[in-house]
Amino acid sequence: MSARPTPDAYRLTNMVWWRKLIATAAILSGGILFLTGWGVAKVLVGWLFQHDTAPYDWAVKLADVAWGHPMVFCALLLSHITGLAIVLAVSQFLFRKTTMRPRVRKAITLSAVALSGLDVAVWLLVPFNSLARQALAPLSIVEAALFAFMLFVPLKQMWLFHRWRGSNSKLRVLVVGGGFGGLHAALALDKSLGHHRGLELVVIDKNNYFLFPPLLPSVSVGAIETRQVTYPFRRIFETTNIRFRNAIVESIDPVSKSITAKFEADEIAADACVPTQLGYDYLILAPGSTTNTFRTPGVDKHAFFMRELGDAVAVRNQVIDCFERAAASRSTSLQKELLRFVIIGGGPTGVEVATEIHDLIENVLLGRYPEIVPSLIEVWLVQSGKQLLPGWHTKVVEIASRQLSRLKIKVFLDNKAIEVGPRHVTLKTGERVATRTCVWCAGVRSSELLAHSGVALDESGRVRIRPDLRAESFDDVFVLGDAAFLVDDKTARPLPPLGQVAFQQGPHAARNLVRLLHRKTTKPFRYFNYGSLVSVGEHFAAVHLLGVRLSGFVAWLVWRTLYLAKLVGFSNKLRVMLDWSLDLLIERSISQIQTRSRATAQPSIAAGPRAGTASMLQAVPDPVVPIAKIWE
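These figures come from a predicted structure and were not determined experimentally.

Time to look at the environment of G430. Relative to the assigned elements, G430 resides in the loop between strand 14 (424–427) and strand 15 (432–434). We classify G430 as exposed; its relative accessible area is 53%. In this structure, the C-alpha to C-alpha distance between G430 and A417, residues 13 residues apart in sequence, is 9.4 Å.

Two elements in contact, helix 3 (residues 70–95) and helix 4 (residues 102–125), have axes separated by 11 Å at closest approach and are oriented at 180°. Compared by their axis directions, helix 3 and helix 4 come out roughly antiparallel. When helix 3 is examined against helix 4, the residues F73, L76, L77, H80, I81, L84, L88, Q92 and F95 are found in contact with a partner set consisting of R105, I108, T109, A112, V113, S116, D119, V120, W123 and L124. When grouped by side-chain class, the residues that make up the contact of helix 3 with helix 4 number 13 nonpolar, 4 polar and 2 charged.

Bringing the sheet that holds strand 22 (residues 541–545) into the picture now. Taken in spatial order, the 3 strands line up as 21-22-23 in an open sheet, and their pairing is antiparallel. Two strands bound the open sheet, and with one partner strand each, they are strand 21 (531–535) and strand 23 (548–552). Each neighbouring strand pair of the sheet contributes to a mean axis angle of 10°, computed without reference to strand direction. Helix 15 (residues 553–566) rests against strand 21, strand 22 and strand 23 of the sheet, and its axis sits at about 110° to strand 23.

Let's shift gears to the sheet that holds strand 8 (residues 282–285). Backbone-to-backbone hydrogen bonds pair the strands of a sheet. The strands run either parallel or antiparallel. Here 7 strands make up an open sheet; going across it, the order is 7-6-5-2-1-8-19 and the pairing mixed. Two strands lie at the open edges of the sheet, namely strand 7 (276–279) and strand 19 (477–479), each paired on one side alone. Averaged over neighbouring strand pairs, the angle between their axes works out to 35° when direction is ignored. Of the strand pairs in this sheet, strand 5 (residues 242–253) and strand 6 (residues 258–263) are connected by 6 bridges, and their pairing is antiparallel. Within strand 6, the position partnered with I252 by the bridge is I259. Across the sheet, helix 6 (residues 180–193) touches strand 1 (171–176), strand 2 (199–205), strand 5 and strand 8, and the angle it forms with strand 2 is around 165°.

Before going further, it helps to spend a moment on the packing of helix 6 against helix 14 (residues 499–517). The N-to-C vectors of helix 6 and helix 14 enclose an angle of 35°; their axes lie 7 Å apart at closest approach. For helix 6 against helix 14, the interelement crossing comes out right-handed. Contact residues: F180, G181, H184, A185, A188, L189, S192 and L193 in helix 6; G499, A502, F503, G506, P507, A510, L513, V514 and L517 in helix 14. Looking at the contact of helix 6 with helix 14 residue by residue, the classes come out as 12 nonpolar, 5 polar and no charged.

Taken as a whole and assessed by the stated rule, the structure comprises 3 cavities of 30 Å³ or more. Put simply, the largest cavity is a space of about 140 Å³. As for the largest cavity, its lining consists of 15 residues, and the residues nearest its centre are E356, E538, W556, R560 and R588. Counted by class, the lining of the largest cavity contains 5 nonpolar, 4 polar and 6 charged residues.

Looking at the element boundaries, S220 is found in the loop between helix 7 (216–219) and strand 4 (230–232). Polar contacts involving the side chain of S220 include one to the main-chain carbonyl oxygen of P217, which spans 2.5 Å. Apart from the residues within four sequence positions on either side, S220 is in contact with M306, A312, V315 and R316.

Attention now goes to a nonpolar patch on the surface. Together, V16, W17, W18, L21, I22, W159 and L160 make up an exposed nonpolar region whose accessible area comes to about 780 Å². Here the element with the most residues in the nonpolar patch is helix 1 (residues 17–49); it accounts for 4 residues. Inspection of the secondary structure puts W17 in helix 1. On the basis of relative accessible area, W17 is assigned to the exposed category, the value being 59%.

Okay, the side chain of T435 next. Along the chain, T435 turns up in the loop between strand 15 and strand 16 (437–440). On the basis of relative accessibility, which here comes to 2%, the residue T435 falls in the buried class. Ignoring anything within four residues of it in the chain, the contact list for T435 reads E337, R340, F341, V342, P422, R423, H424 and V425.

Reading guide: rules and limits
- Residues numbered from 1 in each chain as written.
- Predicted model: local features only at pLDDT ≥ 70, side-chain atom pairs only at ≥ 80, totals over all residues.
- Heavy atoms only, no water.
- Helix = DSSP H or I, 4+ residues; strand = E, 2+ residues; numbered from the N terminus.
- Buried < 20%, exposed > 50% of the residue type's maximum accessible area, 1.4 Å probe, protein only.
- Axes fitted to C-alpha atoms, helices over the stretch in contact; angles between N-to-C directions.
- Parallel < 35°, antiparallel > 145°, perpendicular 65-115°, else oblique.
- Contact = heavy atoms within 4.5 Å.
- Nonpolar A, V, L, I, M, F, W, Y, C, P; charged D, E, K, R; others polar.
- Pairing = 2+ DSSP bridges.
- Left-handed = near helix turned anticlockwise from the far one by under 90°.
- 1 Å grid on protein atoms, 1.4 Å probe; cavity = no way out; pocket = protein on both sides within 12 Å on 5 of 7 lines; lining within 4 Å.
- Points joined across faces, edges and corners; volume = space filled by probe spheres on them.
- Polar contact = N/O pair within 3.5 Å; in protein donor to acceptor, adjacent residues only side chain to side chain.
- Patch = residues over 30% accessible without salt bridge, like charges linked within 9 Å, V, L, I, M, F, W, Y side chains within 5 Å.
- Areas by Shrake-Rupley, 256 points an atom, 1.4 Å probe, with all protein chains shown as cover.
- Salt bridge = Lys/Arg side-chain N within 4 Å of Asp/Glu carboxyl O.

Okay, structure coming up:
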């Protein structure tokens, strides 16, 4: 799959034993020399002044040595610099071979160099400056702690590990899908198996980034920037021996143990990038799911979804475009049509989308569009069942329902959409609702890949798996997340298609695969339900975690903290924290993000809302007020 071999990310772990002994001896020698230099200096100063000294007193006496015995002070300084240089060189040489991220290693390395330079400068200033004498002891403690860390990490990676030793034949593990299940399975496998010349661990996904879906509703209203909920796979895997391929898996043949993948290519190189067959020894199948339209007419063409990053951008542009057009219209009926936002599906995604749109309108858009009468704006939430948040604790449902009522979001239970048009949604009751914006959050269905996977499916289209997460008919195929059908022993019900299920299944599948490689018996998967949480408007959430129920501002803080903890990438966590903080002080931008030029894009109603930023609106002409009239 590649013209050159994958570089070994576990160089210290895979180092031959005699090199490890030499490296360990160098680490211990450098550390002993560094500590000995301090010990000799302290003993010598104490001997010169015939008494023990406290850390600060010792620095004062060291200054006295510099004035009374300059040759002794120079010898102590030279010994200290020599020990410092040796331990710095040894720590740098080995620390750069660790599996820590390059930027983290660079930051720690620069800190060590800076502290070393500062340490030498303080020694030189001790005879002349009282501040230097006070800083010598704490600076030495911080410096020693940093060097200890830089020397301990290589030692740990060299000696403290347990991994597969390999076999005579090559082994390839393919992970199809980079969602919660696939990503954490791959990372757990890499951590357990390490690098081996006979091992090839490959992750294949249609996107080149990991997407964090729970925060898509926040992206759809501009509370979080788009890049904050994605993280490139190649960056995630930069300190691992996992290889990533950006491709679409078209079919799987579990009998011949191969998959057919179509790699992305432009039109010119299309002939050179035909679908490729890749063999595997073990397959981890985690393709996720897709939106379930329940074959409702018009949904694919006219509704907005909330599954991919582009969907969130499209919804945001749609809401802003509706306000722009409503502000330019003099027809009250048209304004009502433009300003009515219908969300289909009362699950957590639907509730969060409805409340996020409401908050965007109340806190940002109304203040920027004085031409619009607030009473014309409506946010509808349509749920087919008799309660919101089906399957959730009744107390949490009651709290969420009361908050939606306070926000004046219209909730329609035991109802559903039977048709979606370019300018309307028809409900089961026969009501034809005039609207330009229908966001479909009514559920998910299995990935289309499963129909071409060659494994047995249940009635819902998911793969029937055994308790150890392997497909019923194949011992070398693990199935995770939304693609797997497994009955929970505790509840006697199938595990729901939730992120926390996939998050727990990924590492468990990796552990079972490692057990198979060691010829051990696999263990059954046990799902632990941590609970549920949903945001219901600004500064309000409903949470049921580990048996504890919370609501209001405290629950909202818990909701944000947990999502932040699960977000991939330290830089993303930092940026999301910054976005959330700035959102309290600075107004969100209402600039529309055009995915393509209006001059080159000619969207139509048939193309659907995802074909262009505002295709549904551009396709249907509206009576608008001339610009001169607005100015008057």
